[in-house]
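Chain residues, written in single-letter form:
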Amino acid sequence: MVHHDLYQDNVLIVPRWLTALLKGRFDEHCEEQGHNRKHKNLFCLECRACICKDCDDHANHRLLKIFAHGTGRNQSCAVVKLDNTNELLDCSHIQPRVHNGAQVLFIKQRPQTSYGGNNCERDGCDATLEHHNSFCSIDCKVNHIMSVPSNYRNAKWLLNRVNLP
């Protein structure tokens, strides 16, 4: 898996905030003092940290809301709203799902589903997709693009569109 900053011609291809988001553990409880029973359900884009809603140090920072999306056997997967994420990077060709009436994207490779369709284009991912999508998650799209050096020049969508560290 590609989880480090990548540069091409001294230009950052995978922004640090995206690398941190893909590594994030949102299924854990917050470790801040007094927050140990709160789930991490926010991602601070400026600090590149998974936090809970009670972490005050990030009050004036740009935050990305993380949702738990149930998939078969009551498993939960971390998802982000498509509208919020599309402001940061091009989310085209990633299959959206519906969560509480909003379109969301899986952050990491999602569990296999049983309905028909094409497979995720990332090597090693067997997720089945609807016909017009190529990837099951943000992670799969990043890893697919970064797996072939000749794809780097086509990876402009990975460049953050906002001024983030």
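Residues numbered from 1 in each chain as written. Predicted model: local features only at pLDDT ≥ 70, side-chain atom pairs only at ≥ 80, totals over all residues. Heavy atoms only, no water.

1. Some details on the nonpolar core
Move 1: W17, L18, L21, F43, C120 and I138 are the most contacted members of the largest nonpolar core, which has 31 residues in total.
Move 2: Elements that contribute at least two residues to this core include exactly α1 (16-23), β5 (63-71) and α3 (138-146).
Move 3: Core analysis: the next-biggest nonpolar cluster, separate from the first, contains 6 residues, C30, I51, C52 and C55 among them. (Core = buried A, V, L, I, M, F, W, Y, C linked by side-chain atoms within 4.5 Å. Buried < 20%, exposed > 50% of the residue type's maximum accessible area, 1.4 Å probe, protein only. Helix = DSSP H or I, 4+ residues; strand = E, 2+ residues; numbered from the N terminus.)

2. Looking at the pairing of strand β8 (residues 102-106)
Move 1: Of all 5 residues that make up β8, 4 are buried, and the element is covered over most of its length.
Move 2: In terms of strand pairing, strand β7 (residues 97-99) meets β8 through 3 bridges, oriented antiparallel. Along β8, the bridge assignment pairs H99 with A102.
Move 3: Taking the residues between adjacent antiparallel strands as the criterion, β7 and β8 are bridged by 2 residues, where N100 takes a positive phi near 50°. (Pairing = 2+ DSSP bridges.)

3. Describing the state of the cysteines
Move 1: Scanning the entire structure with this criterion turns up 0 disulfides.
Move 2: Between C50, a cysteine without a disulfide, and C30, which holds the nearest cysteine sulfur, the sulfur-to-sulfur distance is 9.8 Å.
Move 3: Note on C50: relative accessible area 19%, which makes it buried.
Move 4: No disulfide involves C140; its sulfur sits 3.6 Å from that of C136, the nearest cysteine. (Disulfide = S-S within 2.5 Å.)

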